Amino acid sequence: MSELNATDVEQYLKQHPEFFNEHLELLEHMTVPHPSGSAVSLISKQLELFRNRHHEMDTQLNALIEIARDNDTSANKMHELTLAVLEADTLEVAIENLNVVLAECFLTDFLAVKIISSEHPHGGALADLFIDPESKELAHFSKELSSNQASCGKPTLAQAKFLFADNALEVKSCAIIPMAFTEIEALIAIGSRDAERFHYSMGHLFLTQMSEIIGTRFAALLQPA
């Protein structure tokens, strides 16, 4: 099939004068000079406004689609996390599952859990999970505990050492999340080697929901059998 030339297009449009009525969107991509020279006709101006408006709507639609995709992704991740803690029948298994799902779904490198309680019902490997309410170490987290709000960014050296011990210097950013509105008082810290992973400007909605899910399950697992 031979390529169309300008004459072919001209002939076609003469034979089909209704073409642009049926394909109005094509005008958006065309430049039509006005016979008056530099003067701009009302129709030309309207067409320019139409193009700009259409472009703005396209941009807004694409932004909404991207937000919807992000929300779907976040919801799926939260679903995986919920299943991970619900499937655990002991506190130790819950923390192991949590470690796995956070690394795989949330791309984190480190996890720390500190349960604030004067009673330490679990010994052995889980003894480090518990911290006495009177411990001076909690002063490093007074902002999070008093506000029940997560904080994100680079932890202080004192915070990092308390939460991540030997891995403290590897943690370049983290989210420190109080277990808000649950039956236990605790802190969850999620750390990353990436300094931008947990930026201070991040929203806290999903972090708060995460703390509620984890805290509720941990409270149930801490109940005596």
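Structure: above.
Since the model is a prediction, treat every value here as computed from it, not as a measurement. (Residues numbered from 1 in each chain as written. Predicted model: local features only at pLDDT ≥ 70, side-chain atom pairs only at ≥ 80, totals over all residues. Heavy atoms only, no water.)

Draft legend 1. Representation of the overall build of the protein chain within the structure. Counting its regular elements, the protein chain contains seven helices and five strands. The linear arrangement of helices and strands in the protein chain, starting from the amino end, is α-α-α-α-β-β-α-β-α-β-β-α. Considering the protein chain as a whole, with its 225 residues, one finds that 32% of them fall into the buried category. The contacts in the protein chain between residues at least 6 apart in sequence include a share of 56% that link residues at least 24 apart. About 14600 Å² of surface is accessible on the protein chain, with carbon and sulfur atoms providing 55% of the total. (Helix = DSSP H or I, 4+ residues; strand = E, 2+ residues; numbered from the N terminus. Buried < 20%, exposed > 50% of the residue type's maximum accessible area, 1.4 Å probe, protein only. Contact = heavy atoms within 4.5 Å. Areas by Shrake-Rupley, 256 points an atom, 1.4 Å probe, with all protein chains shown as cover.)

Draft legend 2. Examining the environment of Val100 more closely. Mapped onto the secondary structure, Val100 falls in helix 4 (residues 91-105). Its relative accessible area of 44% is what places Val100 among the partly exposed residues. A sequence separation of 19 residues divides Val100 from Leu81, and the C-alpha atoms of the two residues are 9.4 Å apart.

Draft legend 3. Representation of helix 7 (residues 205-222) in the model. Between its first and last C-alpha atoms helix 7 spans 26 Å; for 18 residues at 1.5 Å apiece the expected length is 26 Å, and the two agree. Along helix 7, the positions that sit buried rather than exposed are Leu207, Thr208, Met210, Ser211, Ile214, Gly215, Phe218, Ala219, Leu221 and Leu222. Projected down its long axis, helix 7 shows its buried positions confined to an angular sector of 155°, all on one face. Turned more than 90 degrees away from the buried face of helix 7, the exposed residues are Leu205 and Thr216. (Expected span 1.5 Å × (residues − 1). Arc of directions from axis to C-beta.)

Draft legend 4. Structural view of the packing of aromatic side chains. All told, the structure shown has two aromatic pairs when counted by the stated rule. Measuring from ring centre to ring centre gives 5.7 Å for Phe141 and Phe162, while their planes differ by 45°; the resulting arrangement is tilted. Within this pair, whereas Phe141 is found in the loop between strand 2 (130-131) and helix 5 (142-147), its partner Phe162 is found in helix 6 (residues 157-164), the two being separated by 21 residues in sequence. Phe141 sits in the buried class, given a relative accessible area of 0%. One Lys or Arg, Lys114, reaches over the ring of Phe162 and ends 5.0 Å from the middle of that ring. The ring of Phe198 carries Arg197 above its face, with NZ or CZ at 4.7 Å from the centroid. (Phe/Tyr/Trp six-rings, centres within 6.5 Å; stacked < 30°, edge-to-face > 60°. Lys NZ or Arg CZ within 6 Å of the ring centre and 35° of its normal.)

Draft legend 5. Layout of the sheet that holds strand 4 (residues 173-178). As summarised here, the arrangement of the five strands in space is 2-1-5-4-3, forming an open sheet in which the pairing is mixed. Bordering the open sheet on either side are strand 2 and strand 3 (151-153), each of which pairs with just one other strand. Of the pairings in the sheet, the one linking strand 1 (residues 110-116) to strand 5 (residues 186-192) comprises six bridges and is antiparallel in character. Of the residues in strand 5, the one forming a bridge with Phe110 is Gly191. Sheet contacts for helix 6: strand 1, strand 2, strand 4 and strand 5; angle to strand 1, the most-contacted strand, approximately 85°. (Pairing = 2+ DSSP bridges. Axes fitted to C-alpha atoms, helices over the stretch in contact; angles between N-to-C directions.)

Draft legend 6. Representation of the packing of helix 4 against helix 7. Two elements in contact, helix 4 and helix 7, have axes separated by 10 Å at closest approach and are oriented at 160°. Put simply, helix 4 runs roughly antiparallel to helix 7. You can see that helix 4 and helix 7 cross each other, and the crossing is right-handed. Residues Leu91, Ala94, Ile95, Leu98 and Leu102 of helix 4 lie in contact with helix 7, whose contacting residues are Met210, Ile214, Phe218, Leu221 and Leu222. Counted by class, the contact of helix 4 with helix 7 contains ten nonpolar, no polar and no charged residues. (Parallel < 35°, antiparallel > 145°, perpendicular 65-115°, else oblique. Left-handed = near helix turned anticlockwise from the far one by under 90°. Nonpolar A, V, L, I, M, F, W, Y, C, P; charged D, E, K, R; others polar.)

Draft legend 7. View of the state of the cysteines. What the rule picks out here adds up to zero disulfides. No disulfide involves Cys174; its sulfur sits 7.9 Å from the nearest other cysteine sulfur, which is in Cys152. The exposure class of Cys174 is buried, given its relative accessible area of 2%. (Disulfide = S-S within 2.5 Å.)

Draft legend 8. Here's a closer look at the pairing of strand 5. Here strand 5 lies mainly inside the structure; seven of its seven residues are buried. Neither face of strand 5 is exposed, since Ala186, Ile188, Ile190 and Ser192 on one face and Leu187, Ala189 and Gly191 on the opposite face are all buried. In this sheet, strand 5 lies alongside strand 4 in antiparallel orientation, the contact comprising six bridges. Bridge pairing in strand 5 places Ala175 opposite Ile190.

Note that all results are geometric; they support no functional claim without further evidence.
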